[in-house]
Amino acid sequence: LIKNARNRGKAAALLRGFAYAQNFNVKGVITLDADGQHDPNDIPKLIHAAESHPDRLVLAARVENRQDAPKHRLLANKIADFVISWAANHRISDTQSGFRLYPEAVVSNCVQTAKRDHHFVFESNVLIEAAHKGFHSVAIPIKSHYPDNARKSFYRPWKDTFAISKMVFIKIIKHRCCLLGFFRAFVKPFLIRTH
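The structure presented is a predicted model; accordingly, all values stated were derived computationally and were not measured. (Residues numbered from 1 in each chain as written. Predicted model: local features only at pLDDT ≥ 70, side-chain atom pairs only at ≥ 80, totals over all residues. Heavy atoms only, no water.)

Asks: Explain unusual backbone geometry to me, and be specific about the residues and the numbers.
Replies: Its identity is not glycine, yet Asn89 carries a phi of approximately 65°, on the positive side. The topology assignment puts Asn89 in the loop between α3 (71–88) and β3 (100–103). Positive phi values are uncommon outside glycine, yet Asp94 reaches one of about 55°. Among the structural elements, Asp94 can be located in the loop between α3 and β3. Judged by its relative accessible area of 0%, Asp94 falls in the buried class. (Helix = DSSP H or I, 4+ residues; strand = E, 2+ residues; numbered from the N terminus. Buried < 20%, exposed > 50% of the residue type's maximum accessible area, 1.4 Å probe, protein only.)

Asks: For the side chain of Asp33, give the residues involved together with the corresponding values.
Replies: Within the secondary structure, Asp33 is located in the loop between β1 (28–31) and α2 (43–52). The class for Asp33 is buried, based on a relative accessible area of 17%. Of the polar contacts made by the side chain of Asp33, one reaches the side chain of Lys10; its length is 2.7 Å. When neighbours within four sequence positions are excluded, Asp33 is seen to be in contact with Lys10, His38 and Gly98. (Polar contact = N/O pair within 3.5 Å; in protein donor to acceptor, adjacent residues only side chain to side chain. Contact = heavy atoms within 4.5 Å.)

Asks: Account for the pairing of β1, naming residues and giving values.
Replies: What you see with β1 is a clean split: Val29 and Thr31 sit on the buried side and Gly28 and Ile30 on the side with no burial. Here four bridges tie β1 to β3, and the two strands are oriented antiparallel to one another. Among the inter-strand pairings, Thr31 is bridged to a residue of β3, identified as Arg100. (Pairing = 2+ DSSP bridges.)

Asks: Describe α2, and please don't skip the residues or the numbers.
Replies: The set of residues buried in α2 consists of Leu46, Ala49 and Ala50. Taken around the axis of α2, the buried residues stretch over an arc of 100°, which confines them to a single face. Seen from the buried face of α2, the exposed residues on the opposite side, beyond 90 degrees, are Pro44 and Glu51. Taken together, the buried residues of α2 touch β2 (57–62), β3 and β4 (137–142). (Arc of directions from axis to C-beta.)

Asks: Tell me about the sheet that holds β1, and please be specific about residues and values.
Replies: Ordered in space as β1-β3-β2-β4, the four strands form an open sheet in which the pairing is mixed. For this open sheet the edge positions go to β1 and β4, each flanked by a neighbour on one side alone. The mean angle between the axes of side-by-side strands here comes to 20°, regardless of whether they run parallel or antiparallel. The sheet contact formed by β2 and β4 spans six bridges and is parallel. Opposite Ala61, over in β4, you have Pro141 as the bridge partner. (Axes fitted to C-alpha atoms, helices over the stretch in contact; angles between N-to-C directions.)

Asks: Describe the pattern of salt bridges, and please don't skip the residues or the numbers.
Replies: One pass over the structure, following the stated rule, counts five salt bridges. For Lys10, the salt bridge goes to Asp33, with nearest N and O atoms at 2.7 Å. Of this pair, Lys10 sits in helix α1 (residues 10–21) while Asp33 sits in the loop between β1 and α2; the two residues are 23 residues apart in sequence, bridging distant segments of the chain. Across the pair Arg62 and Asp94 runs a salt bridge whose closest N-O atoms are separated by 2.7 Å. (Salt bridge = Lys/Arg side-chain N within 4 Å of Asp/Glu carboxyl O.)

Asks: I'd like a rundown of the nonpolar core, residues and numbers included.
Replies: Among the nonpolar cores identified, the biggest contains 36 residues, and Phe18, Ile84, Val106 and Val168 are the most heavily contacted of them. Where this core is concerned, the elements lending two or more residues are α1, β2, α3, α4 (104–109), α6 (119–132) and α7 (157–175). When residues of this core are assigned to their parent elements, the largest contribution, eight residues, is made by α6. With sequence-adjacent residues up to four places away left out, Val168 is seen in contact with Val83, Ile84, Ala87 and Ile128. In terms of nonpolar packing, the next biggest core, distinct from the first, is built from 11 residues, Ala49, Val138, Ile140 and Ile142 among them. (Core = buried A, V, L, I, M, F, W, Y, C linked by side-chain atoms within 4.5 Å.)

Written as structure tokens, this is what we have:
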């Protein structure tokens, strides 16, 4: 078990975990949020998808019971999905899901580029950087769990969505992914069914 001595934010925790994993001969790294939303029993679905798409970042997309999500978070996630898909030049489903399988190639080639961003901006930046380096994402549908006694999420819907959007629009201008990325953001996301 590795643990930061104090809460330094999600990006710092992920970066430390990635660095630790790279000490071993791993094919990928799986991450889950700590607020109880994700069911570890879904991990084999991510592994199955990664075996079929070895150079893709696999997202567990919370689409099967999205109507149960808190309304303000659902709206913030939809906004983030659109602008991040625009910047990445391809449609990405549930960009704010922390339940992911990062292939080793993405950890090695994309994480360091995005590490200057903090908190939830980091994960969004990794999706964009990965896409621009040829590592697109695929998604598998999962259900989210919203237990009454869940640990409070540290995601601040408006503040974090604004920070993510600011980073994204800088990327859109930098990579000149205006029209094509904009239209691709409307495309229906492709979801891999693993069962």
